[in-house]
Structures are given as structure tokens and as C-alpha cells.
Amino acid sequence: MTARANRIATLTDAAIELIADGGMRALTHRAVDGRAGMPPGTTSAYLRTRQALIEAVVGRLAERDRADLARHDLPTGPPPTAAPRLDGNDLDGLAVGVAEVLDRWLSTGRSRTLARYACLLEAVHRPELRGILQHGTGLRAQARDLLTRAGATDPDRQGDQFVAFVDGLLFDRLVGAGALSAPQPGSAASRADLSSAVRTLLHALTGN
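Residues numbered from 1 in each chain as written. Predicted model: local features only at pLDDT ≥ 70, side-chain atom pairs only at ≥ 80, totals over all residues. Heavy atoms only, no water.

**Re the overall build of the protein**
Working step 1: Looking only at helices and strands, the protein features 10 helices and 0 strands.
Working step 2: Starting at the N terminus and walking to the C terminus, you meet the elements of the protein as α-α-α-α-α-α-α-α-α-α.
Working step 3: Its C-alpha radius of gyration of 18 Å places the protein within 12% of the 17 Å reference for a compact globule of 208 residues.
Working step 4: For the C-alpha atoms alone, the extent of the protein along its principal axes is close to 55 × 40 × 30 Å.
Working step 5: Counting only residues that meet the buried cut, the protein has 40% of its 208 residues in that class.
Working step 6: Long-range pairs, those at least 24 residues apart, make up 70% of the contacts in the protein between residues at least 6 apart in sequence. (Helix = DSSP H or I, 4+ residues; strand = E, 2+ residues; numbered from the N terminus. Rg over C-alpha atoms; globule rule 2.2 N^0.38 Å. Buried < 20%, exposed > 50% of the residue type's maximum accessible area, 1.4 Å probe, protein only. Contact = heavy atoms within 4.5 Å.)

**A word on helix α2 (residues 29-36)**
Working step 1: Those residues of α2 that fall on the buried side of the exposure criterion are His 29, Val 32 and Asp 33. Each buried residue of α2 sits inside an arc of 105° when the element is viewed along its axis, so together they form one side. Within α2, the exposed residues directed more than 90 degrees away from the buried face are Arg 30 and Gly 34.
Working step 2: Those residues of α2 hidden inside the fold are in contact with α1 (3-22), α3 (42-46) and α4 (50-71).
Working step 3: Trailing α2 by a residue or two, Gly 37 shows a phi angle of about 70°, which is positive. (Arc of directions from axis to C-beta.)

**Examining the layout of surface pockets**
Working step 1: Empty space within the largest pocket amounts to approximately 990 Å³.
Working step 2: Taken together, 35 residues make up the lining of the largest pocket; nearest its centre are Trp 105, His 135, Gly 136, Leu 139 and Val 163.
Working step 3: Those elements that provide at least two residues to the lining of the largest pocket are α4, α5 (88-106), α6 (110-125), α7 (137-149) and α8 (155-175).
Working step 4: With 7 residues, the top contributor of residues to the lining of the largest pocket is α7.
Working step 5: A breakdown of the residues in the lining of the largest pocket according to their chemical character gives 23 nonpolar, 7 polar and 5 charged. (1 Å grid on protein atoms, 1.4 Å probe; cavity = no way out; pocket = protein on both sides within 12 Å on 5 of 7 lines; lining within 4 Å. Points joined across faces, edges and corners; volume = space filled by probe spheres on them. Nonpolar A, V, L, I, M, F, W, Y, C, P; charged D, E, K, R; others polar.)

**Thoughts on the packing of α7 against α8**
Working step 1: The interhelical angle for the contact between α7 and α8, taken along N-to-C directions, is 125°, at an axis separation of 8 Å. Comparing the axis directions of α7 and α8 gives the class oblique. Of the two elements, α7 crosses α8, and the hand of that crossing is right-handed. For the pair formed by α7 and α8, the contact residues are Leu 139, Arg 140, Ala 143, Arg 144, Leu 147 and Thr 148 on the first element and Pro 155, Asp 156, Gln 158, Gly 159, Asp 160, Phe 162 and Val 163 on the second.
Working step 2: When the residues that make up the contact of α7 with α8 are grouped by side-chain class, the tally is 6 nonpolar, 3 polar and 4 charged. (Axes fitted to C-alpha atoms, helices over the stretch in contact; angles between N-to-C directions. Parallel < 35°, antiparallel > 145°, perpendicular 65-115°, else oblique. Left-handed = near helix turned anticlockwise from the far one by under 90°.)

**A few points about the packing of α6 against α8**
The relative placement of two packed helices comes down to the angle between their axes together with the axis-to-axis distance.
Working step 1: It is at 11 Å that the axes of α6 and α8 come closest, and there the two elements cross at 110°. Comparing their axes, α8 and α6 come out roughly perpendicular. The handedness of the crossing between α6 and α8 is left-handed. Residue-level inspection shows Arg 110, Thr 113, Leu 114, Arg 116 and Tyr 117 of α6 in contact with α8, the latter providing Asp 167, Leu 170, Phe 171, Leu 174 and Val 175.
Working step 2: Its residues assigned to classes, the contact of α6 with α8 comprises 6 nonpolar, 1 polar and 3 charged.

**So, the pattern of salt bridges**
Working step 1: Counted according to the given criterion, the structure contains 18 salt bridges.
Working step 2: The partner of Arg 144 in a salt bridge is Asp 160, and the shortest N-O contact between them spans 2.8 Å. Of the two residues, Arg 144 is situated in helix α7 and Asp 160 in helix α8; the sequence distance between them amounts to 16 residues.
Working step 3: Arg 173 is paired through a salt bridge with Asp 193; the nearest N and O atoms lie 2.7 Å apart. Here the residue Arg 173 occupies a position in helix α8, and Asp 193 occupies one in helix α10 (residues 188-206), the gap between them amounting to 20 residues.
Working step 4: Overall, Asp 193 belongs to the partly exposed group, its relative accessible area being 30%.
Working step 5: Look at the salt bridges and you will find they share partners, linking Asp 65, Asp 68, Arg 104, Arg 112 and Arg 116 into a network. (Salt bridge = Lys/Arg side-chain N within 4 Å of Asp/Glu carboxyl O.)

Quick look at the structure:
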């Protein structure tokens, strides 16, 4: 990573924490400078406009999410051309891996998850930021491929549904009523509960 890339990573990590703590209104160039421990004007020198800053934050979120997926051996790149067929046991293992990532995003990665939702909501009101939605297309492509290999009858539609359902599960556990009754994030009980939900979804979509 170049010195410029390292500096932008430091600034965007600070911006993520600011958004998680205070929402999008807390995101200013001056506040990012302070949170990152950088001299005044540093953020604006690298990311001149607010739009550039938000886009950089979203890019950093996607980068760190890909690292989490790779850490748990979940696919992050283009689908393989001749991947083996998935059976029920493979789906159970996949559910465990997905649950571990979700639990991480609810616990040690909670700030990133809050910031991601805040950025998406910002894009609803600012059409010029709608491009940030493109960062979610890769996960949908991978889900379609996985469901194709598992024998789903309509993998394109069901792959999109899988991502939407899992994202809804994450949202419910983070800020919805599910947070009132779900096990404590970061615990074995949380991972087991999430794994059960994802496993049920995968088997329902594939009929395996």
C-alpha cells in the first residue's frame, strides 16, 4: 500500500468511527482530521468534497468487508468457472461461515456496519451518491453462483433474495427489535443462532 493509500485508509477509518458515533451529521473534514490525529486540512487535501469523502468511506468499508469474508474462506472474487456442486453438508458449512462473519459485523465490526447503513441512507436523499450501491453487487453475484451450484431452481432471483434476507437479519440484530432477544453479539450463542437462521434460509431456497 502506498503512502497516499495508507493516509486515506487512516482518514476513512476515522470517518467510519465518527459516523458510527454520531451519524452522517458528525462527518466533517475537520472532525475527521481530529479523530485521525492529523493536522487541520489533511482530509480536505486528500478528499476535497463531502461526496469524495463519503465515496472513500464506502470503498474502505467494502475493502474491510472483503477481508472479513476472505478470513472465513467465503468467496470474494469472480465465481469459479468449474466449481464443484454443493450438497446439503456444504450448505451447512457455508451457513457457519456466514454466521461467523455476521457475528463479527455485529460485535467487533459494529461501527463499520452502522456506518454502512448510514451511508446507504444518505444515498437515498442524494442521487449523486447512488453509485455506492454498486459495492453490493459482488456479493449478489457470488450468492447467485453458490445457489446455482446448490441446485436452486431460480438462482438469479434466489441469490438476490438470499443477500436481502441476510442483510435484513443483520439489520434486525443491530438496530431492530431482534436486538432485544438475540444472544449477545460476539458469543458462541450468537454465532449458533445466526448459523441456524442462515442454514434454514439456504435449505429453503435450494430444497436440499
